[in-house]
Structure formats: structure tokens, C-alpha cells
Amino acid sequence: MTTRSPWRPVALLAGLVLLTAACGGGTTRSDVAAQQSSAPATAASASANPNAPLKQGLKIAFLPKQVNNPYFTIADEGGITAAKEFGGEGKEVGPSDASASSQVSYINTLIQQRQDAIVIAANDPNAVVPALKQAMAAGVKVVSFDSDTAPDGRHVFVNQAGAEDLGRTQVQLLAEQLGHKGKIAVLSATPNATNQNTWIEFMKDELSKPEYKDMELVKVAYGNDDDQKSFTETQGLLRSYPDLAGIISPTTVGIAAAARYLSESPSKGKVKLTGLGTPNQLRKFVKDGTIEAFELWNPADLGYLASYAAAALASGQITGAEGEKFKAGKLGEYTVGANGEVLLGKPTVFNKDNIDDFDF
Ligand code: RAM
């Protein structure tokens, strides 16, 4: 198993406020960065009891960006498995599209159902916050995972990997394949997705370094985490930029659709493609030469960790304050970091040498 270069902590978020966000509309990365100054929704008066036992029968609801995305099926199953382990009850509910406000009605229903915790991958950092605040006021613990809300919309954010590392390494993976030369495009998810927008800002920052002077980011396209739209956007990119050298797609839906398009086109193997994908969806494209290398974390582990974080919150073991620790079953002990963030770990880079070792 290959892991990327070590996480290099850089106080980049402050710098990011100055960068122009790539969003087509709605909330921009700058808005999100500005929100980092507001504290996570930790009840200041609440105190954590690290020795409190996990409560039995906890009801934990997983609310993905959208339900018909294989990545979230795996992540949410990981969370439901964890809930079974600690004697709770997990379920997945959610919209079939990843648009900004599609999750709000689900949050309202989960409050009425008196769930103990909501574990959400936010489609927009702000659109869900009023409903999540109502949930927290009603005693529901809120964990964001995969894609964060503004910090005041949740107690804890379970992040899949360092955002900076993910952004930079995707550029590095593509640059290696291109000999650091050529026009490139990003095929993202939705314009409002907190996670993709954060990674794209780090990609732009990486591309501003001298070693990338012969690489040019010509377009950020949005496939909305919809297979057909991502396919059409890929086609559009190749038509608009006939000399396009490479594409980064930081979404499992986008990269799978782009790979399918490229594999059937004369650009197969010529236009390089990398990004974030699941080994099972991309195996055949690695074997047929459409993709050399891509990366991802284990989505099941992400859901599993988020589930334990939700249980730790609902049981009073943690409140979301920095430095608190909790145990996440087979994954071991985790510590809440700054801004209520819990980091799963490092992503894995997949290529033809190791892809058969993974089954998700
Ligand atoms: C898609 C979603 C998800 C992202 C992965 C990499 O499934 O956009 O939020 O984390 O890709």
C-alpha cells in the first residue's frame, strides 16, 4: 500500500481567504474560511466525561450528499456496522441529488423522529446550518463527515484526510504523468460542495508554484456528482480544449464518468486522468490504460469513525472541544483537533500494482 508524502501543516486557510474561490455560485470557499473563526457548536458549558460508557440503543442517522452514490453506500454501511457494534441502530436517509438545499427536509424529519445523532456530508456549508442548529437545540448531536458544514452547524467534523494533502497530491499525481506540462481541467462535483471546493483551492495554490509554470488550469467544470452530467462535461472539456493534457476529478462520480468517456475515445491514455475514486469502480480503467494512478481513503472506515464520534458525543464522552479523546472500535483512539476536526488518516494511491489488493 502506497501512501502519499507526509501531511505538511501550513497555516493556509488564512491565505485562502484571499484567493478567489472557484465556485460557480452559492457559498464560496472564502465564505467557509471566514467561518472558521466562528467556534464549532460545542456547548461551552458542557463538560466531557471520557469514562462515560457508550449509551445503548442510540439512534444514528446517516445523511449523505445523495443516496445513489456508491461511495456513500459504502461509507454509510461502515457507519451502520459501527452502530451495531456499540449496541445502537443506524440508518441511511437522503436525497437523490446533491443540490445545496436537498438535505434540509431530511434533517427536519430526523429531528421529529428524535434521532440521537445526525451524521451528515453537507451539500452546502451554509444551507443546512439553520436546520442543524434546530437539531442541536433539540438535543440531537451533529457530526459532519466527508464534506463539512460551517463550524457552528455541527459538533464535530470527521475529515477523511488532510484537505491540503489531498489537494496538492492530486496535482502532483497528474504533473508526474504529464512531465509538468500542458493544459489541465478539474471536473468537480457540485459548485457548492465544501470538500471539493477546499481541495480545489489547495490545487490552485500548488499550481502557483514555479515547478508548474508550464501547466495551466483552463477550467473547473461541475458534473454535480451526477454520472450523465459528469460524462457530458468531460466531452465538453475535450471539445472546448482539443489540446487538453489532463483532468483531475476529485469526486468518485466524476472520475468514473470521465474514465468511461475517455476509455471509449481516441484520447484514451493520451489525456491523463486522476483524482479520487473507488478501486472497484476504476479497476477496469486502470487495467485498460485509461488511468495510471488515483487516490482515496477507505469510505467504510470514514463512516465507521463518524459513527463512533456520534456515539461518543451522544454519550457525553466528548463535546467536540479540542484535545478530547474517544475510542473508535477497531480503528483505535482518536483526538478532536482544532475546529472540532477529527482526521481519519492518509489516503492510499492506487495503480496497476496494488489495485487488486482492494475491494471497495
Ligand atoms: C464523491 C462525493 C464525496 C467525495 C468523493 C471523493 O463521492 O463528492 O463527497 O468525498 O466523491
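Please refer to the structure placed before this passage.
Predicted model, so just to flag it, every value in this text is computed and none were measured.

The local shell around the ligand holds 15 residues, among which Lys65, Asp146, Gln196, Asp225 and Thr252 are the closest. Taking Asp146, its side chain carries an N or O atom lying 2.5 Å from an oxygen atom of the ligand. Gln196 is positioned with one of its side-chain polar atoms (N or O) 2.8 Å from an oxygen atom of the ligand. Calculation on the ligand without its partners gives an accessible area of 290 Å², and the protein chains cover 100% of this total. Secondary-structure elements contributing two or more residues to the shell around the ligand are helix H3 (70–85) and helix H7 (194–207). Considering each element in turn, the shell around the ligand owes the most residues, three residues, to H7. Grouping the constituent residues of the shell around the ligand by class yields six nonpolar, six polar and three charged.

Strand order across the open sheet formed by four strands is E8-E7-E9-E10, with parallel pairing between neighbours. Two strands close off the open sheet at either side, each with one partner strand: strand E8 (215–222) and strand E10 (272–275). In this sheet, adjacent strand axes meet at a mean angle of 25° when their direction is disregarded. Pairing geometry for strand E7 (residues 182–188) and E8, over seven bridges, is parallel. Bridge assignment links Val186 to a residue of E8, and that residue is Val220. This element, helix H8 (residues 227–240), spans E7, E8 and strand E9 (244–249) of the sheet and lies at about 145° to E8.

Further remarks concern the environment of Thr252. Following the sequence through the fold, Thr252 ends up in helix H9 (residues 252–263). For Thr252 and Leu282, which are 30 residues apart along the polypeptide, the C-alpha to C-alpha distance reads 9.1 Å. Those residues in contact with Thr252 that lie beyond four places of it in its chain are Asn69, Tyr71, Leu276, Gly277, Thr278, Gln281 and Leu296.

This part covers the sheet that holds strand E5 (residues 141–145). Strand order in the open sheet made by the six strands is E3-E2-E4-E5-E6-E14, with parallel pairing throughout. Sheet topology places strand E3 (89–92) and strand E14 (341–343) at the edges, where each strand pairs with a single neighbour. Neighbour-to-neighbour, the strand axes of this sheet turn through a mean angle of 20°, independent of strand direction. Relative to strand E4 (residues 117–120), strand E2 (residues 59–63) is paired through four bridges, and the arrangement is parallel. Note that in E4 the partner of Leu63 across the bridge is Ile120. The strands touched by helix H4 (residues 104–112) are E2, E3 and E4; relative to E2, the strand with the most contacts, the crossing angle is about 175°. Lying over the sheet, helix H11 (residues 299–314) contacts E2, E4, E5, strand E6 (156–159) and E14, oriented at roughly 160° with respect to E5.

What the rule picks out here adds up to twelve aromatic pairs. Note on Tyr304 and Tyr308: the rings are 5.1 Å apart at their centroids and 45° apart in plane angle, and the pair reads as tilted. Taken together, the residues Tyr304 and Tyr308, both in helix H11 and four residues apart, mark about one turn of the helix. Relative accessible area serves as the criterion here: at 2%, Tyr304 is assigned to the buried category. Aromatic pair Phe350 and Phe360: ring centres 6.2 Å apart, planes at 75°, arrangement edge-to-face. Within this pair, whereas Phe350 is found in strand E15 (residues 348–350), its partner Phe360 is found in the segment after E15, the two being separated by ten residues in sequence. The class of Phe350 is buried, set by a relative accessible area of 1%. Each member of the aromatic cluster is reached from another via a ring pair, and the members are Tyr71, Phe72, Phe145, Trp199 and Trp297. If you follow Lys330 out to its NZ or CZ, it ends over the ring of Tyr304, 4.7 Å from the centre.

Conventions and cut-offs
- Residues numbered from 1 in each chain as written.
- Predicted model: local features only at pLDDT ≥ 70, side-chain atom pairs only at ≥ 80, totals over all residues.
- Heavy atoms only, no water.
- Near = heavy atom within 4 Å.
- Polar contact = N/O pair within 3.5 Å; in protein donor to acceptor, adjacent residues only side chain to side chain.
- Areas by Shrake-Rupley, 256 points an atom, 1.4 Å probe, with all protein chains shown as cover.
- Helix = DSSP H or I, 4+ residues; strand = E, 2+ residues; numbered from the N terminus.
- Nonpolar A, V, L, I, M, F, W, Y, C, P; charged D, E, K, R; others polar.
- Pairing = 2+ DSSP bridges.
- Axes fitted to C-alpha atoms, helices over the stretch in contact; angles between N-to-C directions.
- Contact = heavy atoms within 4.5 Å.
- Phe/Tyr/Trp six-rings, centres within 6.5 Å; stacked < 30°, edge-to-face > 60°.
- Buried < 20%, exposed > 50% of the residue type's maximum accessible area, 1.4 Å probe, protein only.
- Lys NZ or Arg CZ within 6 Å of the ring centre and 35° of its normal.

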